[in-house]
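Geometric and topological summary
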Amino acid sequence: MRLWHSDGQTIHLSYCTNVHPGEDRSEIMAQLDTYAAEVRRLVPADRLGVGLWLAAPVAAQLAADPDAVARLGRDLDARGLEVVTFNGFPYQSFHAPVVKHAVYQPDWLTRERMDYTVNLAQILAGLLPEDAARGSVSTLPLAWRTPWTPQQSTAVRRRLAELAGRLAAVRAQTGRLVRVAFEPEPGCVLESTADAAAELSGADPEFLGVCLDLAHLACAWEEPAAALARLARAGLPVVKVQVSAALGAERPDEADTAAALRGYAEPRFLHQTRSAAGQAADDLAQALGAHLAGPWRVHFHVPVHAAPHPPLHSTIDVLRTALDVLVGGETAVCDHLDVETYTWSVLPPAQRPASPAELAEGIAAELRFTRDELLARGLSERSPAEAR
């Protein structure tokens, strides 16, 4: 889905397909037919943006087969879908029964992570619409925080220089610019924008930057304008924004609030919890057992259009404030916005979609909500050429 900023910039809005299981080519096409085509109808949109997630094995196959990439492009086009961004954070097995810390492996100290990311960039260069200015690949925040030594930090800087060189080679070969965006997340080497500014200093801003996940930003208790100013001072572009909201609790020590939170303490994904007082737990169940002081923000992506049942809430206020800064000014800070609620299947049972149709409707509602928020900030559904 495309909107236009008053500065003339095209803003690409999509939803991330890491919400769907399936990791081979036939399963990916089934996802697009079952969900994305229906979401497009429900939004509705002439062309629907999808932020593809491709597991490492299928990414390696596609990167080695340009004809297969071309076929995928034709399949997307036939369904009224377009791709300008990939989610390259999960390597594979993102819908295993237990993911937790495994999602951070392999990390950026490994050759596997480099090759996977460059494969995605190569594929995306072949899928980009002709009129898209550039593509983006979001990736993990270097590594989980422990262990992390100065020697590893130095090694990663060499990796970043190599990555920029390989992305330059993709552009030289294909004529398309694809940038990689490192995504700060609680508990990782890059937990905050301050960490990103420190660890990514000196990275080539032509090819490398930051993916700002708005739920993660909220969990770090960062103020959006200050966070964006910090990145700008460090010379780090915001390559991609993940439109998301975290779970919040004002008084987690109260019995009804603790009971509601336990409904979100599930076994698949890690739900890092941070208190306003600076206390931290690496998972929600741990936080409940430790009785951290409130209020809390929990790394659980809740649907952006639907507030959790009281006494819980979402960090939608952080999302809205961030959009004010990102697209509400005279110029747009970022042109790739991807709605990333990957946790639909692990919501408390009463809130989970009961069928593929219900999931498609939920995703469509998130996109309609986000589109309306962008329109409220002055974006247009008409291109500059149409407006003339």
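None of the values given here were measured: they were computed from a predicted structure.

To continue, consider empty space enclosed by the protein. If you walk through the whole model with that rule in mind, you get four cavities of 30 Å³ or more. Volume-wise, the largest cavity comes out at about 180 Å³. Together, 19 residues line the largest cavity, and F94, V103, E185, H299 and Y342 are the ones closest to its centre. Of the residues assigned to the lining of the largest cavity, the class counts are nine nonpolar, five polar and five charged.

Note: most residues except glycine have negative phi, and most peptide bonds are trans. Residue P44 follows V43 across a cis peptide bond; omega there is -15 degrees. As for its position among the elements, P44 is in the loop between helix 1 (25-42) and strand 3 (48-51). Across the junction of P310 and P311, the peptide omega takes the value 15 degrees, indicating a cis bond. Tracing the chain through its elements places P311 in the loop between strand 13 (296-302) and strand 14 (312-314). One non-glycine residue, W221, lies in positive phi territory at about 55 degrees. You can see W221 is positioned in the loop between helix 7 (214-219) and helix 8 (224-233). When its relative accessible area of 32% is taken as the criterion, W221 is described as partly exposed.

Within the open sheet, the five strands sit side by side as 12-11-13-10-14. Their pairing is antiparallel. Bordering the open sheet on either side are strand 12 (280-281) and strand 14, each of which pairs with just one other strand. Bridging between strand 10 (residues 245-249) and strand 14 involves three bridges; their strand directions are antiparallel. The partner of L247 across the bridge, within strand 14, is S314.

Attention now goes to the nonpolar core. With 128 residues, the main nonpolar core has Y15, F86, F182, L208 and L367 as its most contacted residues. When residues in this core are grouped by element, the largest group, nine residues, is from helix 4 (residues 111-127).

The next point concerns the pairing of strand 8 (residues 208-213). In terms of burial, strand 8 is a largely internal element, six of the six residues being buried. For strand 7 (residues 178-182) and strand 8, the ladder comprises three bridges, and the chain directions are parallel. When the bridges of strand 8 are listed, F182 appears paired with V210. Pairing of strand 8 with strand 9 (residues 238-243) involves four bridges; the strand directions are parallel. Across the sheet, residue D213 finds its bridge partner in strand 9, namely Q242.

This part covers helix 5 (residues 150-174). Compared with an ideal rise of 1.5 Å per residue, which puts 25 residues at 36 Å, helix 5 spans 36 Å between its outermost C-alpha atoms and is within 8% of the ideal. Those residues of helix 5 not exposed but buried are Q152, S153, V156, R159, L160, L163, A164, L167 and V170. In this structure, the buried residues of helix 5 make contact with helix 4, strand 7, helix 6 (193-199) and strand 8.

Another aspect to go through is the environment of W296. With respect to the helices and strands, the residue W296 is situated in strand 13. When the C-alpha atoms of W296 and G278 are compared, they prove to be 9.7 Å apart, with 18 residues separating the residues in sequence. Those residues within four positions of W296 in sequence are excluded, and the remaining contacts are W221, L247, G248, A249, P252, L261, T273, R274, S275, L284, A287 and L288. Here the side chain of W296 touches A293 through a polar contact of 3.2 Å, landing on its backbone oxygen.

Okay, the side chain of D338 next. Its location among the elements puts D338 in strand 15 (residues 336-339). What makes D338 buried here is its relative accessible area of 0%. A polar side-chain atom of D338 sits 2.5 Å from a polar atom in the side chain of S14. Apart from the residues within four sequence positions on either side, D338 is in contact with S14, Y15, C16, G51, T85, K240, V241, Q242 and V243.

Here is what the cut-offs are and how they apply
For every chain, the first residue of the written sequence is number 1, and numbering continues from 1 onward in sequence order. Given that this is a predicted model, residues contribute local features only at a pLDDT of at least 70 and side-chain atom pairs are listed and counted only at 80 or more, while totals for whole chains, interfaces and linings are drawn from all residues. Neither water nor hydrogens contribute to the side-chain values; these are computed over all heavy atoms in the structure. Cavities and pockets were defined on a 1 Å grid built over protein atoms only: a cavity is a set of grid points that admits a 1.4 Å probe from which the probe cannot escape, a pocket is an open set flanked by protein on both sides within 12 Å along at least five of seven lines, and lining residues are those with an atom within 4 Å of any such point. Grid points are joined across faces, edges and corners, and a volume is the space filled by probe spheres set on the points. When residues are grouped by polarity, Ala, Val, Leu, Ile, Met, Phe, Trp, Tyr, Cys and Pro land in nonpolar, Asp, Glu, Lys and Arg in charged, and all others, Gly among them, in polar. Secondary structure elements follow DSSP: runs of H or I of four or more residues count as helices, runs of E of two or more count as strands, with numbering from the N terminus. We call a residue buried when its accessible area falls under 20% of the maximum for its residue type, exposed when it is over 50%, and partly exposed in between, using a 1.4 Å probe and counting protein chains only. Two strands pair if DSSP finds at least two bridges between them. Working definition of a nonpolar core: buried Ala, Val, Leu, Ile, Met, Phe, Trp, Tyr and Cys residues. They are joined through side-chain atoms within 4.5 Å. Helix span is expected to be 1.5 Å times the residue number reduced by one. Any two residues whose heavy atoms approach within 4.5 Å at even a single point are treated as in contact. Between N or O atoms, a polar contact is any pair within 3.5 Å; within protein, one atom must be a potential hydrogen donor and the other a potential acceptor, and residues adjacent in sequence are included only when both atoms are from side chains.

In short, geometric facts, not functional conclusions.
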